[in-house]
Amino acid sequence: QVQLVESGGGFVQAGGSLRLSCACPGDIFGHVVWGWYRQAPGKQRESVATVNSEHATTYSDSVKGRFTISRDNAKNTVYLQMNALKPEDTAVYFCTARIYSTWAEWNDYWGQGTQVTVSS
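This one's a predicted model, so the numbers in the text were calculated from it and none came from an experiment. (Residues numbered from 1 in each chain as written. Predicted model: local features only at pLDDT ≥ 70, side-chain atom pairs only at ≥ 80, totals over all residues. Heavy atoms only, no water.)

1. A few points about unusual backbone geometry
Going by this rule: Numbering goes from the N terminus for both helices and strands, where a helix is a DSSP run of H or I of at least four residues and a strand is a run of E of at least two. Residue exposure (1.4 Å probe, protein chains only): buried if accessible area is under 20% of the type maximum, exposed if over 50%, otherwise partly exposed.
A positive phi angle is found at His55, which is not glycine, with a value near 70°. Examined against the element boundaries, His55 turns out to sit in the loop between β5 (46-51) and β6 (57-59). Its relative accessible area of 45% is what places His55 among the partly exposed residues. One non-glycine residue with positive phi stands out, namely Asn76, at about 50°. Of note, Asn76 is situated in the loop between β7 (67-72) and β8 (77-82).

Quick look at the structure:
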């Protein structure tokens, strides 16, 4: 069973920065697409950013230019650098790992979530 361990959430003032980390302590076999999602109170969970095994990235329009996702394959870790934070970024952030056993078969794994609170 793949476990994802997140860290780095917290409380910050608007305009500040935080860096989230998500690590898989065990070995991962197969290609991995890492991602970050977030869920604010009363809202649906939304995708924030993804990074594939070639380090190609995608971002939601709401975070583009402010957030950067990156990965360290040697450490089985994904990061989310969040700059110029806004109160509307307040949410629980979840990391995900989509692990492909073949090009057409995969499993999704989720971290436990970490709270990010941005004050105005």
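From this point, the narrative continues.
2. Examining the state of the cysteines
Here is the rule: For the purposes of this analysis, a disulfide is any pair of cysteine sulfur atoms at a distance within 2.5 Å.
Across all of its chains, the model carries one disulfide by this definition. A sulfur-sulfur distance of 1.9 Å marks the disulfide that ties Cys22 to Cys95. Within this pair, whereas Cys22 is found in strand β3 (residues 18-23), its partner Cys95 is found in strand β9 (residues 91-102), the two being separated by 73 residues in sequence. The exposure class of Cys95 is buried, given its relative accessible area of 0%. Of the cysteine sulfurs around Cys24, a residue in no disulfide, the closest is that of Cys22, at 8.1 Å.

3. Some details on the sheet that holds β3
Under the convention used in this document: Note on pairing: DSSP must find at least two bridges between two strands before they are called paired. Think of each axis as a best-fit line through the C-alpha atoms, taken over the contacting stretch in the case of a helix, with angles from 0 to 180 degrees between the N-to-C directions.
With antiparallel pairing, four strands are arranged side by side in an open sheet as β1-β3-β8-β7. The two strands at the open ends of the sheet, each matched to only one other strand, are β1 (5-7) and β7. Neighbour-to-neighbour, the strand axes of the sheet open up by a mean angle of 15°, direction not taken into account. Pairing of β7 with β8, which is carried by six bridges, proceeds in the antiparallel orientation. Following the sheet pairing, Asp72 is matched in β8 by Thr77.

These figures come from the coordinates and say nothing about function on their own.
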